[in-house]
Amino acid sequence: SKVCILCKNLFFNIKKIILNIIYKIQFYEFNTFCVGIKIPSDIIKIEDEIRTKYEITSGDSLKSFFNKILCRIISKRTGKKVDFYNPDLKIIYDMKNDKIVIEPSSIYVYGRYIKNKRGIRQTREYCDYCRGSGCSECNYTGYSKEPSIEGYILPVFKEKFNAEDSILHASGREDIDVITINTGRPFVVEVRRPLKRNVELKQIEDEINKKANGDILVKNLQFVNRNVMKKIKVLSKYEEKTYLLKVKFERPVTKQTLDFIVSQLTNRVISQRTPTRVLYRRKDMVRYKMVYSVEYKQIDKNIVEFTIKCQGGLYVKELAHGDNNRTNPSIASLANMNVEVLSLDVISISPELEKKLNLS
Ligand SMILES: [Zn+2]
Ligand SMILES: [Zn+2]
């Protein structure tokens, strides 16, 4: 039998290829798809040579012709639409290895979380016993049983979308001993390789909130595109955040001193070298961050509550105690005495963010 030098009889196989594709995509929920074809370079070379030799300038290439046929037939068989820009499913046919690869695109879900209880970290830690591979200690999850924002949120997404993995992209982070209330913190969950796409987000919200029993709360969940994830990461460095900071001064503090601190910190650029406590994971460098406004309420002779509105990325605990002058100015340096942080609450993060990103 003769084998075509160009397509290696690809078109005789097309029925089989389509059947295989239809079989493979039945496991995925999707509304749109596109087809990509990997053609070996030697075939593209032969095609080019033929085109040059016979001066062919019009007509589809082998690749685009084959692509069109596959798209048309798969669309007809499944009733799904072709979308080359933002498809739910990428169907890739590798001609050389006669292999079909299905790539479901990630799903992105925006929301905000509120953290009502101290002692919850943002990031999941790996299980101490198995370091992530899964063992009986961690119920084969690979993660520590210590409560975390990721630990409450991500498994529910993974399960509901029947996905390979889910990743939290939050607009900044709070320390384990800091709570985030009122507006909560914006985040996007990236759901990787989902089998399901038509999921009720309200169900996810309810399940997370029930499981967390008030310790954390998610709200405002909505489907977004990939750009929103990128944007909240960039914006978190600039967006305005408001903190409630309770501190204890070394000695009783006067109203004059407190007024002086407010006047010196209002609309002030703070020079902040990477805090000593995060040096192990962040590069040692100086960052410049704005404090926009400061208000205070004196609770006791040496205990004061500050409401601080500042630029995202400012380390507020260091703004209080100064971190051995690595943060300058600080409440401690302005008061000329040691300051101890009693508690820190994030009370507002970018309240206008949804409007800026055209979300609901
Ligand atoms: Zn051929
Ligand atoms: Zn384990």
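The rules behind the values
- Residues numbered from 1 in each chain as written.
- Chains lettered and ligands numbered in written order.
- Predicted model: local features only at pLDDT ≥ 70, side-chain atom pairs only at ≥ 80, totals over all residues.
- Heavy atoms only, no water.
- Core = buried A, V, L, I, M, F, W, Y, C linked by side-chain atoms within 4.5 Å.
- Buried < 20%, exposed > 50% of the residue type's maximum accessible area, 1.4 Å probe, protein only.
- Helix = DSSP H or I, 4+ residues; strand = E, 2+ residues; numbered from the N terminus.
- Contact = heavy atoms within 4.5 Å.
- Axes fitted to C-alpha atoms, helices over the stretch in contact; angles between N-to-C directions.
- Parallel < 35°, antiparallel > 145°, perpendicular 65-115°, else oblique.
- Left-handed = near helix turned anticlockwise from the far one by under 90°.
- Domains from an automatic or database assignment.
- Buried area = accessible area lost by both parts, 1.4 Å probe.
- Salt bridge = Lys/Arg side-chain N within 4 Å of Asp/Glu carboxyl O.
- 1 Å grid on protein atoms, 1.4 Å probe; cavity = no way out; pocket = protein on both sides within 12 Å on 5 of 7 lines; lining within 4 Å.
- Points joined across faces, edges and corners; volume = space filled by probe spheres on them.
- Nonpolar A, V, L, I, M, F, W, Y, C, P; charged D, E, K, R; others polar.
- Phe/Tyr/Trp six-rings, centres within 6.5 Å; stacked < 30°, edge-to-face > 60°.
- Lys NZ or Arg CZ within 6 Å of the ring centre and 35° of its normal.

(A) How the structure looks around the nonpolar core. One finds Leu245, Phe249, Ile261, Leu265, Val291, Phe306 and Ile308 to be the most contacted residues of the largest nonpolar core, which totals 30 residues. Of all the elements in the fold, those that place two or more residues in this core are strand S9 (240-249), helix H7 (255-265), strand S11 (286-298), strand S12 (303-311), helix H8 (316-321), helix H9 (331-335) and strand S14 (339-349). Residues within four places of Ile261 in sequence aside, it is in contact with Phe249, Phe306, Ile331, Leu334 and Ala335. Counting residues in each nonpolar core, the second largest holds 27 residues, with Ile14, Ile17, Phe30 and Leu62 among its members.

(B) Fine view of the packing of helix H4 (residues 149-160) against helix H5 (residues 201-212). With their axes 9 Å apart at the nearest point, H4 and H5 run at an angle of 140° to one another. With respect to each other, H4 and H5 are oriented oblique. The hand of the H4/H5 crossing is right-handed. When H4 is examined against H5, the residues Gly151, Tyr152, Ile153, Pro155, Val156, Phe157, Glu159 and Lys160 are found in contact with a partner set consisting of Gln203, Ile204, Glu207, Ile208, Lys211 and Ala212.

(C) Spatial organisation of the domain arrangement of the chain. Partitioning the chain into domains gives domain 1 (10-104), domain 2 (107-236) and domain 3 (240-349). Here the C-alpha centroids of domain 1 and domain 2 sit 37 Å apart. Across the contact, nine residues belong to domain 1 and six residues belong to domain 2. Summing both sides of the interface, domain 1 and domain 2 together bury roughly 720 Å²; the carbon and sulfur share of this comes to 41%. For domain 1, the biggest contributors to the area lost against domain 2 are Tyr28, Glu29 and Pro104; these three give 67% of the whole. A salt bridge links Arg197 to Asp88, with the shortest nitrogen-to-oxygen separation between them at 3.6 Å.

(D) The arrangement of unusual backbone geometry in detail. With an omega of -10°, the peptide bond between Asn328 and Pro329 qualifies as cis. Tracing the chain through its elements places Pro329 in the loop between strand S13 (327-328) and H9. Phi is positive for Asn162, which is not a glycine, with a value near 45°. Relative to the helices and strands, Asn162 resides in the loop between H4 and strand S6 (165-170). Owing to a relative accessible area of 42%, Asn162 belongs among the partly exposed residues under this scheme. The phi dihedral of Asn267 is positive, around 50°, even though this residue is not glycine. Here Asn267 lies in the loop between H7 and strand S10 (268-273).

(E) A look at the layout of surface pockets. Approximately 780 Å³ is the volume found for the largest pocket. Residue lining of the largest pocket: 31 residues in total, with Gly172, Arg173, Arg282, Gly313 and Tyr315 positioned closest to the centre. Of all elements in the fold, only S6, S9, S11, H8 and S14 reach the threshold of two or more residues within the lining of the largest pocket. Per element, the largest residue contribution to the lining of the largest pocket is three residues, and it comes from S6. Looking at the lining of the largest pocket residue by residue, the class counts come to 10 nonpolar, seven polar and 14 charged. Roughly 480 Å³ of volume is contained in the second largest pocket. Lining the second largest pocket are 16 residues, with Asn86, Ser105, Ser106, Tyr108 and Arg197 positioned closest to its centre. Elements represented by at least two residues in the lining of the second largest pocket include exactly strand S5 (107-115) and strand S8 (216-224). Of the residues that constitute the lining of the second largest pocket, the class distribution is six nonpolar, five polar and five charged.

(F) Representation of the packing of aromatic side chains. Overall, the coordinates contain eight aromatic pairs when judged by the stated rule. The interplanar angle of 90° and the centroid separation of 6.4 Å between the aromatic rings of Phe30 and Phe33 together place this pair among those described as edge-to-face. Taking the relative accessible area as the measure of exposure, Phe30 reaches 8% and is therefore buried. Assessed through its relative accessible area of 0%, Phe33 is described here as buried. Ring-pair connections join several aromatic residues into one group, and the members of that group are Phe157, Phe161 and Phe223. Looking at Lys80, its charged tip hangs above the ring of Phe30, at a distance of 5.4 Å from the centre.

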